[in-house]
Amino acid sequence: MTAADTSSNPSPLANARWLTAFAASAALFMALDALAIRGPWMPALKIVPIALLMAAARCDLHGTARTLILAALALSALGDVLLALDFPNQFVFGLGAFLLAQLTYAGNFLRAADFRCRRFWLRGLPVIVAALLLARLLLPAAGALALPVLVYLLAIVAMALCAAAHRGDSALLFAGAATFMASDTLIALNKFIVPLPLAGTAIMLTYYGAQLGILYGTGRAQA
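All values reported here derive from a predicted model rather than from experimental measurement. Here the residue numbers are simple positions, counted from 1 along each chain's written sequence. The predicted nature of this model means local features are confined to residues of pLDDT at least 70 and side-chain atom pairs, given and counted, to a pLDDT of 80 or more, with totals for whole chains, interfaces and linings taken over all residues. Heavy atoms throughout the structure, all of them, feed into the side-chain values; hydrogens and water do not.

**Q** Please provide a residue-by-residue account of the overall build of the protein, values included.
**A** Helix and strand counts for the protein stand at 10 helices and 0 strands. What counts as a helix is a DSSP run of H or I of at least four residues, what counts as a strand is a run of E of at least two, and both are numbered from the N terminus. Put simply, the protein runs from its N terminus to its C terminus through helices and strands in the order α-α-α-α-α-α-α-α-α-α. Between buried and exposed lies partly exposed: a residue is buried under 20% and exposed over 50% of the maximum accessible area for its type, with that area taken using a 1.4 Å probe on protein chains only. Across the 223 residues of the protein, 43% fall into the buried class. When checking whether two residues touch, look at their non-hydrogen atoms; a contact exists if any pair is within 4.5 Å. For the protein, the share of sequence-separated contacts (at least 6 apart) that also reach a separation of at least 24 residues comes to 75%. Residues counted as positive are Lys and Arg, residues counted as negative are Asp and Glu, and His and the chain ends are not counted. We put the charge of a Lys on NZ, of an Arg on CZ, of an Asp on CG and of a Glu on CD. For the protein, the centre of its 14 positive side-chain charges and the centre of its 8 negative side-chain charges are spaced 7 Å apart.

**Q** Explain the pattern of salt bridges to me, and be specific about the residues and the numbers.
**A** A side-chain nitrogen of Lys or Arg and a carboxyl oxygen of Asp or Glu constitute a salt bridge if their distance falls within 4 Å. For the coordinates displayed, the defined rule picks out 2 salt bridges. With its nearest N and O atoms 3.5 Å apart, the salt bridge here joins Asp 33 to Arg 38.

**Q** Provide a residue-level description of the nonpolar core, including the pertinent values.
**A** One finds Tyr 105, Phe 180 and Tyr 208 to be the most contacted residues of the largest nonpolar core, which totals 62 residues. Broken down by element, the residue count for this core peaks at 11 residues, all from helix H8 (residues 146-164). Put simply, a nonpolar core is a bunch of buried Ala, Val, Leu, Ile, Met, Phe, Trp, Tyr and Cys residues held in one set by side-chain atoms that sit within 4.5 Å of each other.

**Q** Lay out helix H9 (residues 171-193) with the relevant residues and their values.
**A** Take the number of residues in a helix, subtract one, and multiply by 1.5 Å to get its expected span. Over its 23 residues, H9 runs 31 Å from end to end, which matches the ideal 33 Å to within 8%, given 1.5 Å per residue. Buried within H9 we find Leu 173, Phe 174, Gly 176, Ala 177, Phe 180, Met 181, Ser 183, Asp 184, Thr 185, Ala 188 and Phe 192. The secondary structure elements touched by the buried residues of H9 are helix H6 (90-110), helix H7 (118-142), H8 and helix H10 (199-222).

**Q** Got a sec to walk through the state of the cysteines? Specific residues and values, please.
**A** Covalent bonding between the sulfur atoms of two cysteines is what defines a disulfide. The disulfide criterion used throughout: a pair of cysteine sulfur atoms within 2.5 Å. Taken as a whole, this structure holds 0 disulfides when the rule is applied. Free of any disulfide, Cys 117 has its nearest neighbouring cysteine sulfur in Cys 162, separated by 12 Å.

**Q** Account for helix H2 (residues 16-34), naming residues and giving values.
**A** Since one α-helical turn is 3.6 residues long, residues separated by three or four positions face the same way. The end-to-end C-alpha distance of H2, which contains 19 residues, comes to 26 Å, matching closely the 27 Å that a straight helix rising 1.5 Å per residue would cover. Of the residues making up H2, those classed as buried are Trp 18, Phe 22, Ser 25, Ala 26, Phe 29, Met 30 and Leu 32. Looking one or two residues past H2, Ala 36 carries a phi angle of roughly 60°, positive in sign.

**Q** A description of the layout of surface pockets should follow, citing residues and the corresponding values.
**A** Cavities and pockets were defined on a 1 Å grid built over protein atoms only: a cavity is a set of grid points that admits a 1.4 Å probe from which the probe cannot escape, a pocket is an open set flanked by protein on both sides within 12 Å along at least five of seven lines, and lining residues are those with an atom within 4 Å of any such point. Grid points are joined across faces, edges and corners, and a volume is the space filled by probe spheres set on the points. Put simply, the largest pocket is a space of about 780 Å³. For the lining of the largest pocket, the elements supplying multiple residues, two or more each, are H2, helix H3 (42-46), helix H5 (63-84), H6, H9 and H10. Three classes are used: nonpolar for Ala, Val, Leu, Ile, Met, Phe, Trp, Tyr, Cys and Pro, charged for Asp, Glu, Lys and Arg, and polar for all others, with Gly counted as polar. For the lining of the largest pocket, the per-class residue count stands at 17 nonpolar, 6 polar and 6 charged. Its volume calculated, the second largest pocket comes out at about 170 Å³.

On their own, these measurements won't tell you what the molecule is for.
Below, the structure written as structure tokens:
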């Protein structure tokens, strides 16, 4: 590919129109959700931003990283749909889909991880402390869901720690992983501890931001 070809076909991640479409679709879903708009099309609208991320990943990433990121995004989209539907044990099924997504992300980050570096400890220690505090707060309140919540907590902490240990230019990637952990913390607090004001908007804002940060961060680290 020549330089002229590259300039005439910009990367989706560097394309302002693509970012505008991502932000607009995310904002539309959050606005309708905040207004308590319900309909059979809402789960599909919920995953439009994730579908745009998948399209960008196909264009911008390559090799094993692209395969794993696409798999993690697809599993996240599945989790989004399951959590948006109303059926018995939908929370557990949605949690399971996101559990697989976190493990897939962790596997991708682990390929370039160095757990002996000073940067890992500076990033990882706050993650471990936050996880211990969350476990102490959430597990007693989760009741019958304590075990699945614990398993998921371990998975997302593993994902964040693998991101923290990434050897490349990984500041944005780790920020995305930490934001994902914050988003899921909001879900847990809202479900098991106390209803939070504007919880749905805060959860989806941090969730979409986390997925975007991980994708951008993966591209930067891969470069």
